[in-house]
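Here's the letter readout for the chains.
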Amino acid sequence: MAASIDDVESITGQLDNRLSKLGFEVYPLKVGWYNSVLSPSLRLSYPDDSLAVLLLSTPAMFEQAFLPFMEQKSCQGLTDPIDQCVKHCVSSAVTQCFSGQNVDVRYDYELLPSRMPKFLAQTAAHVSGAAFYYQQPDVTDQPWGQKKMFGVCVHPRFGGWFALRALLVFGDVQVGAELVQPAPPDCVPSREDRIKLLEAFNFHWQDWSYRDIIPSVQKYSDKQKEYFSTPPAQRLALLRTWGLLPSEDNSPDAPSDTLIQLSGHG
Ligand code: B12
C-alpha cells in the first residue's frame, strides 16, 4: 500500500504506545536510506520506499520490562534472557498492532546463514537519525595505523547507555518523499573526543567509560550494571541469587548454564 505521513505516524505511534512504557524507543526509516550505504550483499531485499522501524532499548528497559518479565517466570529454554524478553515485548506489540500484516522482525542477535547479522544495527541507527554512528573514517588523520577499530553509536540523550534491539520491515508499506531523512545529532564533533570514544569502546568497553562520552539523562542502574558486567555464562546464576529463577537443585527443568546460548549484548 502507498502510505502517507499520517499512516507512518500511526504505525510508529502504535508501537510507541505499547513499547515506550517498557523502555523502548522507535524510529522510522526507509529501506533505501539503509541500503544506500551498504554493499549489495548486505542490503535488505525490499524496495527502497519500504517502511522500516528501528527499536532501541533505553536504561529503563531493565527495570520496566526485563525484571517484571523474569518475575512472571516467562523466561524459558536455552536462549539469552534479555533476548527472550525483548522478543516477547516486540512480538506481542507487533501481533497486537499489526495482526495479519506482513512485518519482518529482525533482532540484533540474529545471524544469516552467511554468519552476517540479519541487520546492521548501528547503520540503521545512523540513517534513521536515532544515534550517530562514529566510525574509523570519521576521525581525520587517524592515530591507529593499520589497526581495525570497531565503530560505536552515541545517542543524543542516553550517550552510550542504550542498546539497538530490532528492525521491523513493513514490506507492504511504501512511503514517498514526505518521509524526510533526519540527520543524526553529531554529539561528538571534535577529533579528540572521537578518538577518546573509539579507544574507550575498543579497548576499555568493560569500564563503561565510552557510554559517558557525553552527559546522559539516565544511565543503567547498579543492578543493571551488575547484570551486564557478569559474564554471560554466569548470568543465570546471578538471576538465581536475585530469586528470579528457581535454583538448579529444585528444578530439573531449569536451563543449564553450560548449555545456554547467550548473545550477551547490553
Ligand atoms: C558481531 C558484533 C560484535 C563482535 C564484533 C564487533 C564488530 N563491530 O564487528 C564483538 C564480539 C567483538 C562485539 C563486541 C562488542 N559489542 Co557488539 N555487536 C556485534 C553485532 C552483532 C554485529 C556487528 C557486525 O558484525 N557488523 C558488521 C560490520 C562489517 O559492520 P560495520 O563495521 O558497521 O561496517 C558497515 C558500515 O561501515 C557500513 N557503512 C559503510 N559506509 C557507511 C556510511 C554510513 C554513513 C553508515 C551509517 C554506514 C556505512 O557498511 C559496512 C559493511 O559493509 C552488533 C549488532 C548488530 N546486529 O549490528 C553488535 C553491537 C555492534 N555491539 C555492541 C556492543 C555494545 C558491544 C560490546 C561493548 C559488548 C557489550 N557489552 O555488549 C563490545 C565492544 C567492542 C569490543 N571492544 O570488543 C552494540 C553497539 C552499540 C553502540 N552504541 O554502537 C551493538 C550494536 C549491539 C546492540 N544490541 O546494541 N560485538
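Parameters and conventions
Counting of residues starts from 1 at the beginning of each chain's written sequence and follows it residue by residue. Only residues with pLDDT of 70 or above have their local features reported here, since the model is predicted, and side-chain atom pairs are shown and tallied only from 80 upward, although totals for entire chains, interfaces and linings are computed over all residues. As a convention, hydrogens and water are excluded, and side-chain values are obtained from all of the structure's heavy atoms. UniProt positions are given in the numbering used here, feature names are shortened, and annotations may be inferred rather than shown by experiment. Only runs of H or I of at least four residues qualify as helices and only runs of E of at least two qualify as strands under DSSP, and these elements are numbered from the N terminus. C-alpha atoms define the radius of gyration, and 2.2 Å times the number of residues to the power 0.38 defines the globule rule. Throughout this description, buried means an accessible area under 20% of the type-specific maximum (1.4 Å probe, protein chains only), exposed means over 50%, and partly exposed covers the range between. When checking whether two residues touch, look at their non-hydrogen atoms; a contact exists if any pair is within 4.5 Å. All accessibility values rest on the Shrake-Rupley procedure with a 1.4 Å probe; residue burial counts only the protein chains present in the view. We treat two strands as partners when DSSP finds at least two bridges between them. Only buried residues count toward a nonpolar core. Its members are Ala, Val, Leu, Ile, Met, Phe, Trp, Tyr and Cys residues joined through side-chain atoms within 4.5 Å. Salt bridge, as applied in this entry: a Lys or Arg side-chain nitrogen positioned within 4 Å of an Asp or Glu carboxyl oxygen. Inter-axis angles, ranging from 0 to 180 degrees, are taken between N-to-C directions of lines fitted to C-alpha atoms, where helices are fitted over the stretch in contact. Oblique is the label for any angle not covered by the other classes, which are roughly parallel (under 35 degrees), roughly antiparallel (over 145) and roughly perpendicular (65 to 115). Working rule for handedness: look at the near helix, and if it is turned counterclockwise from the far one by less than a right angle, call the crossing left-handed; if clockwise, right-handed. Here the nonpolar group is Ala, Val, Leu, Ile, Met, Phe, Trp, Tyr, Cys and Pro; Asp, Glu, Lys and Arg are the charged ones; every other residue, Gly included, is treated as polar.

- Where an unreviewed UniProt entry is consulted, the protein chain appears under the name Cyanocobalamin reductase / alkylcobalamin dealkylase, with the organism given as Salarias fasciatus.
- One UniProt comment on the protein chain, placed under Sequence similarities (unreviewed entry), says "Belongs to the MMACHC family."

Examining the overall build of the protein chain
Part 1: Check the secondary structure of the protein chain and you find eight helices and seven strands.
Part 2: Relative to its length of 266 residues, the protein chain is compact, with a C-alpha radius of gyration of 19 Å against a globular reference of 18 Å.
Part 3: Expressed along its principal axes, the backbone C-alpha trace of the protein chain runs to roughly 60 × 50 × 40 Å.
Part 4: Each of the 266 residues in the protein chain was classed as buried or not, and the buried ones make up 48%.
Part 5: Considering only contacts within the protein chain whose residues lie at least 6 apart along the sequence, 72% involve residues at least 24 apart.
Part 6: Only carbon and sulfur atoms are counted for the fraction: they give 51% of the accessible area of the protein chain, which is about 12,900 Å².

Concerning the pairing of strand E3 (residues 50-57)
Part 1: With eight of its eight residues buried, E3 lies for the most part within the structure.
Part 2: Of the two faces of E3, both are covered, the one formed by Ser50, Ala52, Leu54 and Leu56 as well as the one formed by Leu51, Val53, Leu55 and Ser57.
Part 3: Pairing analysis gives seven bridges linking strand E2 (residues 24-30) to E3, with the strands arranged antiparallel. When the sheet's bridge partners are listed, Pro28 is paired in E3 with Val53.
Part 4: Pairing of E3 with strand E7 (residues 163-175), which is carried by eight bridges, proceeds in the antiparallel orientation. Residue pairing in the sheet places Leu55 in a bridge with Ala166 of E7.

Things to note about the nonpolar core
Part 1: The biggest cluster of nonpolar side chains holds 69 residues, and the ones touching the most others in it are Leu54, Phe66, Leu167, Leu168 and Phe170.
Part 2: Per element, the largest residue contribution to this core is nine residues, and it comes from helix H4 (residues 81-98).
Part 3: One finds Tyr134, Trp144, Val154 and Leu198 within the second-largest nonpolar core, a separate group that totals 15 residues.

So, the environment of Ser50
Part 1: Turning to its location among the elements, Ser50 is positioned in strand E3.
Part 2: Other than its neighbours up to four places away in sequence, Ser50 contacts Leu29, Lys30, Val31, Phe170, Gly171, Val173 and Gln174.

Quick notes on the pattern of salt bridges
Part 1: Evaluated as defined, the whole model comprises six salt bridges.
Part 2: Between Glu25 and Arg157 there is a salt bridge, with its nearest N and O atoms 3.3 Å apart. Residue Glu25 is found in strand E2, and its partner Arg157 is found in the loop between strand E6 (152-154) and E7; the two are separated by 132 residues along the sequence.
Part 3: Judged by relative accessible area, Arg157 falls into the partly exposed class, the value being 43%.
Part 4: Asp212 is paired through a salt bridge with Lys219; the nearest N and O atoms lie 3.1 Å apart.
Part 5: We classify Asp212 as partly exposed; its relative accessible area is 36%.

Some thoughts on the packing of helix H1 (residues 5-19) against H4
Part 1: Here H1 crosses H4 at 135°, and the two axes come no closer than 10 Å. With respect to H4, the element H1 is oriented oblique. Handedness of the crossing formed by H1 with H4: right-handed. From H1, Ile11, Gln14, Leu15, Arg18 and Leu19 reach across to H4, where they touch Cys89, Ala93, Gln96, Cys97 and Phe98.
Part 2: Partitioned by chemical class, the residues of the contact of H1 with H4 number seven nonpolar, two polar and one charged.

Side note on the packing of helix H3 (residues 60-71) against helix H7 (residues 222-229)
Part 1: Running from N to C, H3 and H7 point in directions that differ by 65°, and their axes come no closer than 10 Å. Once H3 is placed against H7, the crossing between them reads as left-handed. The residues of H7 that touch H3, namely those facing Phe62, Glu63, Phe66 and Leu67, are Lys223, Gln224, Tyr227 and Phe228.
Part 2: Residues belonging to the contact of H3 with H7 are distributed by class as follows: five nonpolar, one polar and two charged.

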